[in-house]
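# Structural description and commentary
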Amino acid sequence: MTATPPDVIRCAYAELVVTDLAASRAFYVDVLGLVVTHEDSSALYLRAFEEYLHHSLVLRKGPEPALGVLAYRVRTPADLELAEAYYRGLGCPVTRRPAGATRGIGEAVRVLDPLGFPVEFFHEAEHVERFTQRYDVHGAGALSRLDHFNLDTPDVPAARKYYEGLGFRVSEDIQDAEGTVYAAWMFRKPTVHDVALTGGDGPRLHHIAFASHERHQILHICDHLGALRKSGMIERGPGRHGVSNAFYLYVRDPDGHRIEIYTHDYYTGDPDNPVITWDVHDNQRRDWWGNPVVPSWYTDASVVLDLDGHVQPVVERAEPREADVTIGADGFSYTSGQAEFKLGEQV
Ligand SMILES: [Fe+2]
């Protein structure tokens with residue numbers, strides 16, 4: 001008999017291992033504008049303007065960049081018992097953490113999930129001031145909340161099945177005519193996703209994403225980085241996604257961790273929310289305007305730690321890779337599947 005999974009509310013926080021806290025602070029606080037809940041010599045605890053839990057991002061100093069943990073909030077304290085039983089039933093490593101083991105977070109269960117990611121479940125957390133109307137401190141690039149995690153994993157259908165077992169539903173995916181699945185977007189909160197599963201060598205963290213309310217806040221972040229002569233930290237975008245419809249920007253932090261700034265996705269909370277499937281050859285799936293995906297976006301990702309703090313081995317994807325079927329030797333995406341316009345031609 002399959003154990004009952006914990007009732008996950010949403011993605012809640014991530015912990016990234018960084019090598020230089022001062023450099024990280026300059027990026028996450030001074031440029032992205034995240035609020036410092038607490039800082040000491042070993043870690044920074046950050047939140048976005050609408051968040052009232054203690055943090056949505058922990059930056060912990062360590063010897064090499066890595067993902068420390070992904071945390072999901074569960075609905076009740078009793079869900080911790082369900083989480084422990086559920087993952088023990090799956091044969092996964094499980095540890096219990098007392099309240100305060102992570103600053104601001106109550107009792108928690110940490111597991112190494114079947115995909116190889118370190119994942120925490122918690123319910124209780126310290127409340128702090130919600131800065132929603134603190135317009136006096138909002139910068140022009142104000143970020144409102146954590147939105148999602150994006151994970152590289154070799155076998156997307158297997159990962160999808162695991163997350164469906166945990167109660168997540170698919171909003172969108174990318175496939176080809178042969179049935180190869182390249183990526184899937186899955187949610188608990190009623191938006192496009194809490195977690196995206198990207199086909200690639202894994203387990204690795206592709207990115208975490210923060211939401212803003214407006215496009216202009218994303219554009220301001222680009223201008224801000226330009227003014228600092230740090231445009232090299234902009235990896236991809238700004239642009240409009242096909243998948244999710246979100247307006248997006250990908251930036252790389254001082255350690256290379258990828259952060260997405262994201263806005264304008266849509267409500268998915270009804271039980272019959274239609275699933276959107278994109279063809280991998282549709283050049284508007286990743287960028288609605290057809291702009292090419294840069295190769296580093298497909299290749300680079302952060303390694304992840306196990307529950308003892310060791311780097312998890314990375315397993316190569318055996319299935320065809322999205323980059324290989326959509327990016328040419330010149331590094332640019334092919335346009336296909338749609339009527340093509342040529343300069344000077346009337347259509
Ligand atoms: Fe994303």
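Note that the coordinates shown come from a computational prediction; the quantities given were computed from them, not determined experimentally.

Within this structure's numbering, the places UniProt gives as "domain: VOC" (unreviewed entry) are residues 10–124 and 145–264. From the first C-alpha to the last, residues 10–124 spans 14 Å; its make-up is 20% helix and 41% strand. Secondary structure over residues 145–264 splits into 19% helix and 46% strand, and the C-alpha atoms at its two ends are 13 Å apart.

This paragraph deals with the sheet that holds strand 6 (residues 94–97). On the basis of which strands lie adjacent, the open sheet formed by eight strands has the order 2-3-4-1-5-8-7-6 and mixed pairing. The sheet is open, and its two edges are formed by strand 2 (35–39) and strand 6, each paired on a single side. The mean inter-strand angle of the sheet, taken between neighbouring strand axes irrespective of direction, is 25 degrees. Across eight bridges, strand 1 (residues 8–18) lies against strand 5 (residues 66–74) in antiparallel orientation. Note that in strand 5 the partner of Val-8 across the bridge is Val-74. On top of the sheet, helix 2 (residues 78–89) reaches strand 5, strand 6, strand 7 (108–112) and strand 8 (118–122); it is set at about 160 degrees to strand 6, its chief contact.

Before going further, it helps to examine the coordination of the iron ion. Within the protein, the atoms that donate to the iron ion are His-148 (NE2), His-207 (NE2) and Glu-260 (OE), at distances of 2.0 to 2.1 Å. Donor residues for the iron ion sit on one chain with the sequence pattern H-x58-H-x52-E. With His-148 in strand 9 (residues 145–153) and Glu-260 in strand 16 (residues 258–263), this residue pair connects regions lying 112 residues apart in the sequence.

What follows is about the packing of aromatic side chains. Under the counting rule described, the total for this entry stands at 17 aromatic pairs. Judged by centre distance (4.9 Å) and plane angle (85 degrees), the ring pair of Phe-27 and Tyr-28 falls under edge-to-face. With a relative accessible area of 2%, Phe-27 lands in the buried category. Ring-pair connections join several aromatic residues into one group, and the members of that group are Tyr-72, Tyr-86, Tyr-87, Phe-121, Phe-149, Tyr-162, Tyr-163 and Phe-168. In this structure, Arg-134 packs its charged tip against the face of Phe-131, placed 5.0 Å from the ring centre.

This next bit is on helix 3 (residues 156–165). Those residues of helix 3 that fall on the buried side of the exposure criterion are Val-156, Ala-159, Tyr-162 and Tyr-163. Angular distribution of buried residues about the axis of helix 3 spans 120 degrees; they occupy a single face of the element. Contact partners of the buried residues in helix 3: strand 5, helix 2, strand 9, strand 11 (181–187) and strand 12 (195–199). In this structure Asp-155 caps helix 3, since a side-chain oxygen of it lies 3.1 Å from the backbone nitrogen of Ala-158.

Rules and cut-offs
- Residues numbered from 1 in each chain as written.
- Predicted model: local features only at pLDDT ≥ 70, side-chain atom pairs only at ≥ 80, totals over all residues.
- Heavy atoms only, no water.
- UniProt positions renumbered as here; feature names shortened; annotations may be inferred.
- Helix = DSSP H or I, 4+ residues; strand = E, 2+ residues; numbered from the N terminus.
- Pairing = 2+ DSSP bridges.
- Axes fitted to C-alpha atoms, helices over the stretch in contact; angles between N-to-C directions.
- Contact = heavy atoms within 4.5 Å.
- Donors = N, O, S within 2.8 Å, 3.2 Å for Na, K, Ca; no water.
- Phe/Tyr/Trp six-rings, centres within 6.5 Å; stacked < 30°, edge-to-face > 60°.
- Buried < 20%, exposed > 50% of the residue type's maximum accessible area, 1.4 Å probe, protein only.
- Lys NZ or Arg CZ within 6 Å of the ring centre and 35° of its normal.
- Arc of directions from axis to C-beta.
- Polar contact = N/O pair within 3.5 Å; in protein donor to acceptor, adjacent residues only side chain to side chain.

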